[in-house]
Amino acid sequence: MLSHIWYRDEGRLCSYKNAGGWGRAVGVECILLLACAAVAGLFAFWLYRRRKTESYEHAIAFAPLKGILEAAMAVPFGIAVGMIISRVAANKGLFLFGGCIVGVLVGHVVIRLIYRCELKTILDGKLAGIFSIAAAVLILAGFQFDWTGYDRWIPEKGNIAAVSVTMEDDYTAFGYYQGESFGSDDIMYEAFDDRMLRRMNSTEEKTIDAAIRMQKRWQDAGMPGSFREEEAQTEISAEEINPKEEKRYVRWVVCYTMESGRKVYRRFLADSNENRSEIDTVMRDASYQRERYQLNDPDFLANVGKMKVSYYNGVTESFYTGDKQTLLKTLQEEMKKYDYSLISSELPNGRLSFAMADPEEKDASMMTTWTYPVYGSYLALNDLLVQDGAEVYARAGHQSADDIESIKVDYYYYDDDSEEENSDSFFEPGEIPDQEIQVTLSDPEDIEKMLDAIYPIELSWISGEEFGVYNWDYRIDVTVVPKESSYSNPDEQVRILKSQEPSLLAERIRQAAVRD
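Here is what the cut-offs are and how they apply
- Residues numbered from 1 in each chain as written.
- Predicted model: local features only at pLDDT ≥ 70, side-chain atom pairs only at ≥ 80, totals over all residues.
- Heavy atoms only, no water.
- Helix = DSSP H or I, 4+ residues; strand = E, 2+ residues; numbered from the N terminus.
- Contact = heavy atoms within 4.5 Å.
- Areas by Shrake-Rupley, 256 points an atom, 1.4 Å probe, with all protein chains shown as cover.
- Expected span 1.5 Å × (residues − 1).
- Buried < 20%, exposed > 50% of the residue type's maximum accessible area, 1.4 Å probe, protein only.
- Pairing = 2+ DSSP bridges.
- Axes fitted to C-alpha atoms, helices over the stretch in contact; angles between N-to-C directions.
- Parallel < 35°, antiparallel > 145°, perpendicular 65-115°, else oblique.
- Left-handed = near helix turned anticlockwise from the far one by under 90°.
- Nonpolar A, V, L, I, M, F, W, Y, C, P; charged D, E, K, R; others polar.
- Patch = residues over 30% accessible without salt bridge, like charges linked within 9 Å, V, L, I, M, F, W, Y side chains within 5 Å.
- Salt bridge = Lys/Arg side-chain N within 4 Å of Asp/Glu carboxyl O.
- Phe/Tyr/Trp six-rings, centres within 6.5 Å; stacked < 30°, edge-to-face > 60°.
- Lys NZ or Arg CZ within 6 Å of the ring centre and 35° of its normal.

Peer 1: Describe in detail the overall build of the protein chain, supporting the description with residues and values.
Peer 2: When its secondary structure is counted, the protein chain shows 18 helices and 13 strands. Taking all contacts inside the protein chain whose residues are at least 6 apart in sequence as the whole, residues at least 24 apart take part in 72%. Taken as a whole, the protein chain presents about 28,300 Å² of accessible surface, with 55% of it coming from carbon and sulfur.

Printed below as a string of structure tokens:
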């Protein structure tokens, strides 16, 4: 609050030459913190001079304050200890409350020693100790069991003026705002999800409805993936898939801006399959797209002429030589289709990259790059690329076995006693010892069978990995060795789609294994 009152946007105090930015904020906060500490220190010294009896036999001059101050210090200390121990123990309630009680007891002992400096006084103040334990446990229980109903509270739609929604782990890594290229330092130091929550502010009723439905559906299901569901794991990764129920959980954060101006934040998990239409609504929202993908920034369009634009189809990369503004506007229109339904129905057949030299960098090779997926359903965009001479195919990667010298497969087998760990193995438990198995496929017929299963690893990063739609086979490392006569590319790392994996792969791996 003092920072907003004292520091004016157009001024300079202790930071970089720009009026805004991360450095200024940190500098101001440090100075304010030191100033507050100095004021508090002077006030404490004044009180000490007024009550000199505190510096002799007792730490507290007024006996009635001892119990109050003990509770004020022991309760938050006990709560903190309980939370830390619970976190270490995978958020188990027993450790939460047990750790809290232990923390309060330790705090009680330390404070009693400070009061009297005698070991025999540890057992004094039983009433204050019992009160501190009860208060700490009740406070924790209130939050743990949501006695107030705050965690389950969803604002009424009529009271919501706008909504901002983002994935907490949106690590697709394409299209992020990189403001330093356009001189916007406030973007440079702002976390992506924070920016989305602060700036999206969609007023579309269907988007508000979608956010409410997603949150309510999760609550009605018992909040799976949270500590409120006792049998659920503490953490559910973004791409974890339950093969029995086909659950694909993604963690979302929503900010409701109320008509009064108050902001209400909620964090929840949503099964992407069950919430398909709601996720589509959010991802197609104009405000979401504006803040999520920088290609919609007017500065991006204004600077696209200075950028190097290239298309990569998983094997070769070619520079775009046509009108870049026309290409960008076409991409903007095509990206309006980008949603969960598209991500889960097809893989990108390539990517478009926009690279721009940083004006503050002396090294011209230092570029800021934005990358966007290209899908086969982006018909207008594909037509533009083909007209410019780019090699655009229905699927990414090599199109023929004639282009490939061989495919190398590395499989690391670790024998595990548990059936759960071995359920996804090519071998039965104990069948072979731990080993690295290497297989090389060089027969054109074998390579042809592998073509539908392999996918360029660089394109897999922009294929919607945060939703866990595609079941990549992480058990094996696969490298494609292209024929030098056809391509100058070095060996290429690819991923394998389990759903397209040919049976010959498992057969060759089993044949190559070394048995005792």
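Peer 1: Lay out helix α3 (residues 64–88) with the relevant residues and their values.
Peer 2: Spanning 25 residues, α3 covers 37 Å between terminal C-alpha atoms, matching the ideal 36 Å at 1.5 Å per step. For α3, the full list of buried residues reads K66, E70, A71, A74, V75, G78, I79, V81, G82 and S86.

Peer 1: Break down the sheet that holds strand β5 (residues 308–312) for me, citing the residues and quoting the values.
Peer 2: A sheet is described by the order of its strands in space; here four strands give the open sequence β6-β5-β7-β8, paired in antiparallel fashion. Edge strands, defined here as strands with exactly one partner in the open sheet, are β6 (317–319) and β8 (367–374). Averaged over all neighbouring strand pairs, the angle between strand axes comes to 25 degrees, with direction disregarded. Two elements, strand β7 (residues 350–357) and β8, share eight bridges in a ladder whose sense is antiparallel. Opposite A357, over in β8, you have M367 as the bridge partner. Contacts between helix α12 (residues 324–335) and the sheet are confined to β5, β7 and β8, with β7 contributing the most and set at about 130 degrees to the helix. This element, helix α14 (residues 379–387), spans β5, β7 and β8 of the sheet and lies at about 120 degrees to β8.

Peer 1: Would you mind going over the packing of helix α8 (residues 205–220) against helix α9 (residues 276–284) in detail, with residue names and values included?
Peer 2: Packing of α8 against α9 brings their axes to within 9 Å, and their N-to-C directions diverge by 140 degrees. Classified by the interaxial angle, the pair formed by α8 and α9 is oblique. Regarding α8 and α9, the two cross each other, and that crossing is left-handed. Between α8 and α9, the residues in contact are K206, T207, A210, R213, M214 and R217 and E278, I279, T281 and V282, respectively. When the residues that make up the contact of α8 with α9 are grouped by side-chain class, the tally is four nonpolar, two polar and four charged.

Peer 1: How would you summarise the packing of α3 against helix α5 (residues 126–144) if you had to cite specific residues and measurements?
Peer 2: One way to put it is that α3 packs onto α5 with a least axis distance of 9 Å and a crossing angle of 45 degrees. Taken together, the axes of α3 and α5 are oblique relative to one another. α3 and α5 meet at a crossing whose hand is right-handed. For the pair α3 and α5, contact is made by G67, E70, A71, A74, V75, I79 and M83 and by A128, G129, F131, S132, A135, A136, I139 and L140, respectively. Grouping the amino acids of the contact of α3 with α5 by side-chain chemistry returns eleven nonpolar, three polar and one charged.

Peer 1: So what's going on with the environment of G103? Residues and values would help.
Peer 2: Mapped onto the elements of the fold, G103 is located in helix α4 (residues 93–116). For G103, a relative accessible area of 2% translates into the label buried. Each residue touching G103, except ones within four places of it in the same chain, is listed here: F77, G78 and V81.

Peer 1: Pulling in residues and values, what's your account of a nonpolar patch on the surface?
Peer 2: A cluster of nonpolar side chains, namely F77, V102, V106, V110 and I114, defines an oily patch on the protein surface of about 420 Å² accessible area. It is α4 that contributes the most residues to the nonpolar patch, four residues altogether.

Peer 1: An account of the side chain of R266 is needed here, citing residue identities and associated values.
Peer 2: Tracing the backbone shows R266 in strand β4 (residues 263–271). Those residues in contact with R266, other than ones at most four positions away along the chain, are Y150, D151, W153, Q215, W252, V253, V254 and Y256.

Peer 1: Just give me the short version of the sheet that holds strand β9 (residues 404–413), but keep the residues and values in it.
Peer 2: In space, the five strands of this open sheet follow the order β10-β9-β12-β13-β11, with antiparallel pairing throughout. Of all strands in the sheet, those with a lone pairing partner are β10 (435–441) and β11 (454–456), marking the two edges. In this sheet, adjacent strand axes meet at a mean angle of 30 degrees when their direction is disregarded. Here β9 pairs with β10 via seven bridges, running antiparallel. The residue bridging K408 from the neighbouring strand is T440, located in β10. Contacts between helix α18 (residues 503–512) and the sheet are confined to β9, β10 and β12 (476–482), with β10 contributing the most and set at about 125 degrees to the helix.

Peer 1: How would you explain the pairing of β4 if you had to name every residue and give the values?
Peer 2: As paired elements, strand β3 (residues 247–258) and β4 share nine bridges and run antiparallel to each other. Looking at β4, one finds that W252 is bridged to F268. If you look at the hairpin formed by β3 and β4, you'll find four residues sitting between the two strands, and G261 has a positive phi there, around 100 degrees.

Peer 1: So what about the packing of aromatic side chains? Which residues, and what values?
Peer 2: For the coordinates displayed, the defined rule picks out 16 aromatic pairs. Measuring from ring centre to ring centre gives 6.2 Å for F97 and F145, while their planes differ by 10 degrees; the resulting arrangement is stacked. Of this pair, F97 sits in helix α4 while F145 sits in the loop between α5 and β1 (160–167), placing them 48 residues apart in sequence. On the accessibility criterion, F145 (46% relative accessible area) is partly exposed. Residues Y293 and Y338 carry aromatic rings whose centres are separated by 6.1 Å and whose planes lie at 85 degrees to one another, so their mutual orientation is edge-to-face. Separated by 45 residues along the polypeptide, Y293 in the loop between α10 (286–292) and α11 (298–303) and Y338 in the loop between α12 and α13 (340–345) bring together distant segments of the chain. Of the two residues, Y293 and Y338, both sit in the buried class. Through a chain of ring-to-ring contacts, the aromatic side chains of Y293, Y338, Y375 and Y378 assemble into a single cluster. Its end group placed over the ring of F426, R475 keeps NZ or CZ at 4.1 Å from the ring centre.

Read these as geometric descriptors, not functional statements.
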